[in-house]
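# Breakdown of the fold
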Amino acid sequence: MEIQRTANAGVLLKLDGVSILLDGLADRVEGYLPTPDRLADELLQNLPDVLAFTHNHPDHRSEALLLPYRKQNLRPIYGPESLPLSAVQVGEIRIIPVESRHLGRVEPGLQHISFVIEGSKCVWFMGDAAPAQWRGREDLPKPDVLIAPYAYANTKSAWDWTCSLTKQMVLLHLPDRENDPYNLWGAVEHTTQNRGDTALLIPSIGEKITF
Ligand SMILES: [Zn+2]
C-alpha cells in the first residue's frame, strides 16, 4: 500500500491494484496548501481509478482542478452530493461511506462523509470529521492506518482516542510551518510527545509513504 499526499488534506491511496484520490485536489485557503500544478498534471496523466471527496470546502475539493474530470467524465467522482448509498466495490477493495459531522461550528446544509477503505489493509480517511463524535462508540472500524486532520493530534483527548484506534496515523491539514498563525504545528508536536506505540507520519506535499 502506498499513500502520497497531493493536497492540504488529500492523498492518492494505492491499495491492491486500485488507486483512489481522496480530497486530493485542493485550492489554497489561507495558510493551507493547494495541490501544486505539477501534481495536478501528473494525476491527469495517470488517472486514479476513483476520486472521492468528503465535503465541498475548497481546501479539500478544487472545482477548477476537477473541471477536466467532470467535462470529459474521466472517472467516477464520489461524494458528497453524489453519495453512494452503501459500500462501493472497486476491484479488490471496498469503499464504505461514513456519514459524519464536520469539525467546528455547524454550517447549515454542509454534508460530510468520511471513507473507510477495505482491502488487504483497512484505511479510514476522515476528511474534516470532528473527532469528538466517535468517542464512546463501539461500532467503529479498526484501521491499519488512520488518515486525519490536525484535530486528531492537537489536544490530549483527541490524541488519546487516536492512539486507542490505530497504530499508524498519517496527519494532514497542517499549513506551512512558516505560515502557521494558529500554531498548529506547535500544538501537535507538544501533544504527541507522548505517543506510546502509535506511529505518527506527517508527509509533505508530494511525499509518498509505503506501508
Ligand atoms: Zn472543511
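As the structure is a prediction and not an experimental result, all values here were calculated from the model.

On to the sheet that holds strand β9 (residues 122-125), then. Here we have seven strands laid out as an open sheet, ordered β6-β7-β8-β9-β10-β11-β12, and mixed in their pairing. Each edge of the open sheet carries a strand with a single partner, namely β6 (88-90) and β12 (199-201). Recorded for the sheet is a direction-independent mean angle of 20 degrees between the axes of neighbouring strands. Pairing of strand β7 (residues 93-99) with strand β8 (residues 113-118), which is carried by six bridges, proceeds in the antiparallel orientation. Looking at the pairing, Pro97 lines up with Phe115 of β8.

As for its placement among the helices and strands, Asn179 is situated in the loop between β11 (168-172) and α4 (184-191). A tally of 10 C-beta atoms within 10 Å means that Asn179 is categorised as exposed. Expressed as a C-alpha distance, the spacing of Asn179 and Gly31, which sit 148 residues apart in the sequence, is 6.0 Å.

Across soluble globular proteins, you tend to see nonpolar side chains buried next to one another. Core analysis: the largest hydrophobic core is formed by 47 residues, its most contacted members being Leu13, Ala52, Ile117, Ile147 and Leu171. When neighbours within four sequence positions are excluded, Ile117 is seen to be in contact with Leu13, Leu15, Ile20, Ile93, Ile95, Val123 and Phe125.

Geometrically, the link from Gly79 to Pro80 is a cis peptide bond, its omega value of -15 degrees lying close to zero. Its location among the elements puts Pro80 in the loop between β5 (77-78) and β6. Phi at Asn73 takes a positive value of approximately 55 degrees, unusual for a residue other than glycine. As for its position among the elements, Asn73 is in the loop between α2 (63-71) and β5. The phi dihedral of His173 is positive, around 70 degrees, even though this residue is not glycine. Looking at the element boundaries, His173 is found in the loop between β11 and α4. According to the C-beta neighbour criterion, His173 is buried, with 23 such atoms within 10 Å.

Procedures and definitions
- Residues numbered from 1 in each chain as written.
- Predicted model: local features only at pLDDT ≥ 70, side-chain atom pairs only at ≥ 80, totals over all residues.
- Pairing = 2+ DSSP bridges.
- Helix = DSSP H or I, 4+ residues; strand = E, 2+ residues; numbered from the N terminus.
- Axes fitted to C-alpha atoms, helices over the stretch in contact; angles between N-to-C directions.
- Buried ≥ 20, exposed ≤ 12 C-beta atoms within 10 Å, placed from the backbone.
- Core = buried A, V, L, I, M, F, W, Y, C linked by C-beta atoms within 7 Å.
- Contact = placed C-beta atoms within 7 Å.

So far we have only geometry, and geometry alone does not tell us how the molecule works.
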